[in-house]
Amino acid sequence: MNIELHTLAEVQNVSGEEGNFTVTVKKAPRYVDMEKCIACGECAAKCPKKVDDEYQAGLSKRKAAYIPYGQSVPLKYALDGENCIMIQKGKCGACEQICPTQAIKFDDKEEILDVNVGSVILTPGFKAFDPVDLDYTYYKKTPDVVTSLEYERLLSASGPCAGHLVRPSDGKEPRKIAWLQCVGSRDINRCGNGFCSSVCCMYAIKQSVITAEHTTGDIDQTILYMDIRSHGKEFDKYYESAKKGGINFVQARPHTILPGPDGNGAIIQYADKSGNMVEEVYDLVVLSIGLQAPKDAQQLSQTVGFELNKYGFVEATSFEPVSTTKAGVFSSGAFNAPMDIPQAVTDASSAAANAAVMLAESRGSMTQDKVWPEERDIAGEEARIGVFVCSCGTNIAGTVDVKAVSEYASSLPGVTLVENNLFTCSTDTQDLIAAKIKENNLNRIVVAACTPRTHEPLFKETLKEAGLNEYLVEMANIRNQNSWVHQDNPEKATEKAKDQVRMAVAKAALLQPLSKMSVDVTQKAMVVGGGMSGMTSALGIADMGYDVVLLEKSDMLGGNAWALSKTWRGEEIKPEVEKLVAKVENHDKITILKKAMLKTAVGSVGNFVSEVDVDGETKAVKYGVAVVATGGKEYKPNEYAYGESDRVKTHLEFDKMLDSGATSSADSVVFIQCVGSRNEERPYCSRVCCTHTVESAIRLKEQKPEMSVFVLNRDIRTYGLREDLYTKARQLGVIFVKYTLDAKPQVSASGDSVSVKVADPMLGGRELDIKADYLVLATAIVPNETKELVELYKCATGDDGFLTEAHPKLRPVDLSVDGLFVAGLCHYPKPLDEAIGQAQAATSRAGVILARTELPLDSIKSEVTELCDGCALCVDTCPYNAISLESYEDKGKEHRRIVTDKALCKGCGVCMATCPKGGVEVNGFTMDQLKAQVTSALAGL
Amino acid sequence: MSANKLGSVMVVGGGIAGIQTALDLADSGYYVHLIEKSAGIGGVMAQLDKTFPTNDCAM
């Protein structure tokens, strides 16, 4: 209720300043009254005008009366003014005639709104590269060359071929598919996009894996790439499993695509690794198109007044990664740089944190909490059930005889009132239900309509509005589970609907009001780890106005950052660390505990208590949330003569020499990539090493242009705008040589030089023998030990020791335990700007909990009954660690029973299903209620 | 800087980043205006079939 959604809207002007902006918003007419529209779809069914469907990437048609897609939010139709015949030519009006709620408004007008806000956050996304101008791709000139976004729709179950993959030319299943990487990315010559789009390698691999799952029999799939960039968490494993699964990965950048024989498929021509020309015919070719700055980037930057970089993305610094150059204006997502979903979601929370910190003093000043009427006590009342049967336009009534169902419902025990509504979910029906509850003293409600997943919250609100406990409603899904699937058999569908209603009534009669649950929140945070991530989170939370306890295991804040020299953008790091340390140390809301180790952790979201060992002394800390930022470290290798010669260095060791200028005497430096990464022991990419190496190589070349600099690599992964560094390094003459895991470089060190031998595929596998003054090993990043912490909090790590987030895409900074958040290297290797971004995101996520004094909980929770004898079978089966065992005394005897933590319990019912004696039940799904429902179902037989 | 700061934020763009930004802010005590140029929110992610590495439905 505190988000106001303005669709079909654009920003026209921004005035004012940080803390108080006036934004002028232009809202295009929707031509549909959103209050009246009940999304029945009749308008679209009747609309005669067909238009290319943007959602299906233009592969199929929609109507001029449309919703963008089935699950659209808001679920309200719109008329596409540019294509509607009535709006354009004044004829038609079919939708207006059919609309059952008179929602069509042909006279709807454009609106201009002035909105006052304290901050503006820009998240316009990206523009997918359009390859139509790249002649060599033959895109749009031959049907079986498609973009990756079109292919995504071809694969989708909600796509134009309903998930059964066929190619556009002849509708046949393709048996041989190729992906062309870097179309519109890493390409200065053809389109001026020098950057890497970061996500295309992974989506191409995903598409090939899904394709293999979708098709039967042999399928030949090839990905033609320059470097595979699977630098995200768990991505390399996915890549390796795709290789094992038979996807071909061919390193090549094809120069020509031609239409295939008879206009079907396409021919790809390319030079292979050894320079031989190859020509292959494919049934279907997918162009892995890049992510460009959004179309309106320039306009937005001028309107709002902030700067863009040369590619049209937002200009930002590594230390304030989501702040634009205009104070009070932030940006997140692909507008900042091409990025994948978890990165965009992290970025989003990070931008939210910045706005929240800036506006901290005004928090809660404009939001509202809904106030409900007092609840009626129904204790001791006989069940008086009201049944509301929905026609859903013709959605239900077209198949199910709703009148017969309504009549039948009247005959059921306990039923006081039955109504049939055209749309039970419409606003006027909510008023009607509330009125009927009061008039007839109803104390249980059954809604026979659609799915509780989307509509139960609405009916719960209606009950609350009418002064009834919200848990006194039961739904029977006579649409999704009935009319939609039994269209061909109306008679049986009607009988089934009666069964469904009878079951719902049987259960409803036994429903009991459930009391509101909540937990008090200790509005204080603990941050574990005093590196850049931990300090950033601590400072953000403190600046929001909450107390923070910051734990650091050493006697100094700053962590790894003290050892770093420059960011990939070339900014000096140490002065920023100094500034941050000073801010944190001088903040009156932050208590710093150095030489501190977490000893215990009990409690759950909102209420944790820990004992912390501070230099031998134990301190107790109470807190509502915790941010885990325990960091990582550079892996020390035991290969490539490391430790045998002082000429062999790790990255961080070599940085010190670079900073001091000690490297200028060298004539030759070799870098070896993936030392300790992407191997059997550590099958992940350490993400930062390629950029670090390229940066160092550039510094060497700039110090001494005649120096020979070699980079021995498996793939160069300078993702996003970092690609510019790779380009620059090549221009400066840095030599990049690919090697593979089964032909790793051979190193021997003696005296002042190191000999590195490696087979160069570009020279037909001929061995290079490089005499280097220094060998730099780009070693892995490994997480610091978190075993104890993981056991204390019962959170988890993956196989590689990095903490596991609650959801890899959508909750990338939440840990699996509510109230715990993660930031920095303990989550996955990442460069400083991303660590800071994630730490700010953790601030925002923590702020969501800290903003309230109590946390409301759903009342559907497990409840221990008197029958529990403490057998503890359920303790192990609970997926949320919500159950523990306690002892108690009764009549001098010691007994055991379980206790459930209401904050942890999700009401899944696994305990109840496990318990052999009814010792635990889930509210709203008790054994009696379920039994009544089942008995009632069987009564129809 | 304005002396009287407003406790509201405008988020421009209703893709996955805009949605997450809006939710975080609304849940932590700020009133949010979410501006979307098309008829519904969701952005490009809603067009994706599945997401790796879990191959979950993107919807």
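Residues numbered from 1 in each chain as written. Chains lettered and ligands numbered in written order. Predicted model: local features only at pLDDT ≥ 70, side-chain atom pairs only at ≥ 80, totals over all residues. Heavy atoms only, no water.

What follows is about the overall build of chain A. Each helix and strand in chain A was counted, giving 24 helices and 51 strands. In terms of overall dimensions, chain A is globule-like: its C-alpha atoms have a radius of gyration of 32 Å, near the 30 Å expected for 941 residues. Projected onto its principal axes, the C-alpha coordinates of chain A cover approximately 95 × 85 × 60 Å. The burial tally for chain A puts 57% of its 941 residues in the buried class. With an accessible surface of roughly 39,700 Å², chain A has 49% of that area assigned to carbon and sulfur atoms. (Helix = DSSP H or I, 4+ residues; strand = E, 2+ residues; numbered from the N terminus. Rg over C-alpha atoms; globule rule 2.2 N^0.38 Å. Buried < 20%, exposed > 50% of the residue type's maximum accessible area, 1.4 Å probe, protein only. Areas by Shrake-Rupley, 256 points an atom, 1.4 Å probe, with all protein chains shown as cover.)

Per the secondary structure count, chain B includes one helix and four strands. Counting helices and strands in the order they occur from the N terminus, chain B gives β-α-β-β-β. The buried share of chain B, taken over its 59 residues, is 69%. Taking the contacts inside chain B whose residues are at least 6 apart along the sequence as the reference set, 22% of them involve residues at least 24 apart. Summed over all atoms, the accessible surface of chain B reaches about 1,800 Å², with 57% contributed by carbon and sulfur. (Contact = heavy atoms within 4.5 Å.)

Residue-level contacts link 86 residues of chain A with 53 residues of chain B. Surface buried jointly by chain A and chain B totals about 6,000 Å² across both partners, of which 61% is contributed by carbon and sulfur atoms. Looking at the side of chain A facing chain B, the largest losses of area belong to Ile3(A), Thr123(A) and Met366(A), adding up to 9% of the total buried there. Counting across the chain A and chain B interface gives one salt bridge. Joining chain A to chain B, the criterion identifies 35 residue pairs in polar contact (both at pLDDT 80 or more). A total of nine residues in the side of chain A that touches chain B trace back to one element, the largest contributor, which is helix 9 (residues 341–358) of chain A. In terms of residue class, the side of chain A that touches chain B is built from 47 nonpolar, 22 polar and 17 charged. Summarising the sheet, strand 1 (residues 3–6) of chain A and strand 2 (residues 31–35) of chain B pair through four bridges and their orientation is parallel. Bridge pairing in strand 2 of chain B links His6(A) to Ile35(B). (Buried area = accessible area lost by both parts, 1.4 Å probe. Salt bridge = Lys/Arg side-chain N within 4 Å of Asp/Glu carboxyl O. Polar contact = N/O pair within 3.5 Å; in protein donor to acceptor, adjacent residues only side chain to side chain. Nonpolar A, V, L, I, M, F, W, Y, C, P; charged D, E, K, R; others polar. Pairing = 2+ DSSP bridges.)

All names here are of chain A. This structure, assessed with the given rule, holds 58 salt bridges over all chains. For Asp187, the salt bridge is made with Arg253, and the minimal N-O distance between the two is 3.9 Å. Taken together, the residues Asp187 in the loop between strand 12 (176–183) and helix 5 (188–191) and Arg253 in the loop between strand 14 (248–251) and strand 15 (256–259) connect sequence positions 66 residues apart. Here Glu576 makes a salt bridge to Lys579, at a shortest N to O gap of 3.2 Å.

All names here are of chain A. Taking every second residue as pointing to the same face, the buried face of strand 47 (residues 854–857) carries Leu855 and Leu857, while none of Glu854 and Pro856 on the other face is buried. Two strands pair when backbone bridges link them, and strand 25 (residues 517–520) and strand 47 are joined in this way by four bridges, in the antiparallel orientation. When the sheet's bridge partners are listed, Met517 is paired in strand 47 with Leu857.

Attention shifts here to helix 15 (residues 532–543) of chain A. An α-helical segment advances 3.6 residues per turn. Residues three or four places apart therefore align on the same side. Residues and elements named next belong to chain A. Relative to the 16 Å expected for twelve residues at 1.5 Å per residue, helix 15 spans 16 Å between its end C-alpha atoms, a close match to the ideal helical length. With eleven of twelve residues buried, helix 15 is to be regarded as a mostly interior element. If you check which residues of helix 15 are buried, you get Met532, Ser533, Gly534, Met535, Thr536, Ser537, Ala538, Leu539, Gly540, Ile541 and Ala542. Downstream of helix 15 by a residue or two, Gly545 has a phi angle that is positive, lying close to 110°. (Expected span 1.5 Å × (residues − 1).)

Next up on the list: unusual backbone geometry. For the bond running from Val73(A) to Pro74(A), omega is -5°, close enough to zero to count as cis. Mapped onto the secondary structure, Pro74(A) falls in the loop between strand 6 (65–66) and strand 7 (78–79).

Interfaces are often sized by the amount of accessible area the parts lose when they come together. Residue and element names in this part refer to chain A. On domain assignment, one finds that chain A holds domain 1 (29–109), domain 2 (127–292), domain 3 (385–515), domain 4 (520–633 + 783–856), domain 5 (635–780) and domain 6 (862–922). One C-alpha centre belongs to domain 4, the other to domain 5; they are set 33 Å apart. Residue-level contacts link 17 residues of domain 4 with 17 residues of domain 5. Of the roughly 1,300 Å² buried between domain 4 and domain 5 on both sides combined, carbon and sulfur atoms contribute 54%. Here domain 4 is connected to domain 5 by three salt bridges. Where Glu834 meets Arg687, a salt bridge forms, and the shortest distance between an N and an O atom there is 2.9 Å. Counting every contact that joins domain 4 to domain 5 gives seven residue pairs in polar contact (both at pLDDT 80 or more). Taken together, the residues that form the side of domain 4 that touches domain 5 break down as eight nonpolar, two polar and seven charged. (Domains from an automatic or database assignment.)

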